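Structural characterization, general
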Amino acid sequence: MSNPVVSIIMGIYNNEKTLDESVESIINQTFHDWELIMCDDGSTDLTYKVAKYYSDKYPNVHLISNDVNKGLNYTLNHCLKYASGKYIARMDGDDISEPTRLEKEVAILESNEKISIVSSLMGYFNEKGEWSYNNMIEYPSKLTFIKGTPFCHAPCMVRREAYDAVNGYSVDKKLLRVEDYDLWFKMYSKGYRGYNIQEVLYKMRDDNSAIKRRKFKYRINETYVRIKGFKMLNLPLYYYPLAFKPILVGLLPTRLYVIMRRKRMDKLGEIDG
């Protein structure tokens, strides 16, 4: 498919057990003018084989790969080189997009030229089913960045020119697992703005394997991004101590962190429901 409306970029790494479900959720979208670009980031399981099945079967599904594991920021930039769509959407190899996700996100960007980034609320599920969802500010401002990332990365769709204006993702080991937070800082510093659809259009797998990936070094990375980003947005100095909150949270025992996080999510669900 040449020049589709939407290019979906997906970095995949050791997703052999979940990739089928993720790709099928894209194939079953109500919006059909898309291409999917998957980049295998040096998987050591059968992820590449699963992805190859879909790229062979569907002409608008493409598969590329890195020689070795490079990390998500490098991998997504690799995908961007092959993307030809007007809008760039994200997808992860272990998550699920609701059927109307692309349709609703395209509608927002088509109807409001002042919006360059659109995302949605995100549900969380594990082997027992869905257990909660998050809450995001509808129209994030610069001050929204103080509390954390203003957009969920995986459900996002962004105008191609916004990606081009900031040269895509910054490739730096200090940005691993927080490459999206850094991306939003860069885009907002350039004057681009976004919107969060107040509906769960994406489901993120949040099981034991996901919890194990939340290492303390990534908390340090988030603090680095916050300090760097606060400077980009020219935020007042009295906000800077809040940049160290991720490190404090990272010092909590994993079990306590999980309990607190799930209670917070359940509370949000009660408030919003």
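Here's a quick rundown of the structure. Once a new chain begins, its residue numbering starts again from 1 and follows that chain's sequence as written. Local features are withheld for residues below a pLDDT of 70 in this predicted model, meaning they are given only at 70 or higher, and side-chain atom pairs are given and counted only at 80 or more; totals for whole chains, interfaces and linings count all residues. To get the side-chain values, all heavy atoms of the structure are used, and hydrogens and water are removed first.

1. Side note on a nonpolar patch on the surface
- A patch consists of residues whose relative accessible area exceeds 30% and which take part in no salt bridge; residues with like charges are grouped when within 9 Å of each other, and nonpolar side chains (Val, Leu, Ile, Met, Phe, Trp, Tyr) when within 5 Å. With residues, only the protein chains shown are counted as cover, and all accessible areas are computed by Shrake-Rupley using a 1.4 Å probe. Salt-bridge detection follows one rule: a side-chain nitrogen of Lys or Arg within 4 Å of a carboxyl oxygen of Asp or Glu. Taken together, the side chains of Phe216, Ile220, Leu248 and Leu251 make up a nonpolar region of the molecular surface, amounting to roughly 400 Å² of accessible area.
- Accessibility here uses a 1.4 Å probe with only protein chains present; expressed as a share of the type maximum, an area under 20% marks a residue as buried, one over 50% as exposed, and anything in between as partly exposed. Taking relative accessible area as the criterion, Ile220 reaches 43% and is therefore assigned partly exposed.

2. Some details on the pairing of strand S4 (residues 87-90)
- Only runs of H or I of at least four residues qualify as helices and only runs of E of at least two qualify as strands under DSSP, and these elements are numbered from the N terminus. Burial along S4 is two-sided: Tyr87 and Ala89 and Ile88 and Arg90, pointing in opposite directions, are all buried.
- Pairs of strands are assigned from DSSP output, requiring at least two bridges between the strands. One ladder, built from four bridges, connects strand S1 (residues 6-12) with S4; its direction is parallel. Bridge pairing in S4 places Ile8 opposite Ala89.
- Taken together, the three bridges between S4 and strand S8 (residues 157-159) define a ladder with antiparallel strand orientation. Of the residues in S8, the one forming a bridge with Tyr87 is Arg159.

3. What about the environment of Glu179?
- Mapping Glu179 onto the fold places it in helix H6 (residues 179-189).
- Sequence separation between Glu179 and Tyr74 is 105 residues; the distance between their C-alpha atoms is 9.7 Å.
- It only takes one pair of heavy atoms within 4.5 Å for two residues to be counted as in contact. Among residues more than four places away in sequence, those in contact with Glu179 are Leu72, Asn73, His153 and Tyr169.
- Polar side-chain contacts of Glu179 include one of 3.1 Å to the backbone nitrogen of Arg177. N or O atoms within 3.5 Å of each other form a polar contact, as long as, within protein, one can give a hydrogen and the other can take it, and as long as residues adjacent in sequence are counted only when both atoms are side-chain atoms.

4. Brief notes about helix H1 (residues 19-27)
- Along H1, the positions that sit buried rather than exposed are Leu19, Ser22, Val23, Ser25, Ile26 and Ile27.
- As for H1, its buried residues are in contact with S1, strand S2 (34-40), helix H2 (47-57) and strand S5 (96-97).

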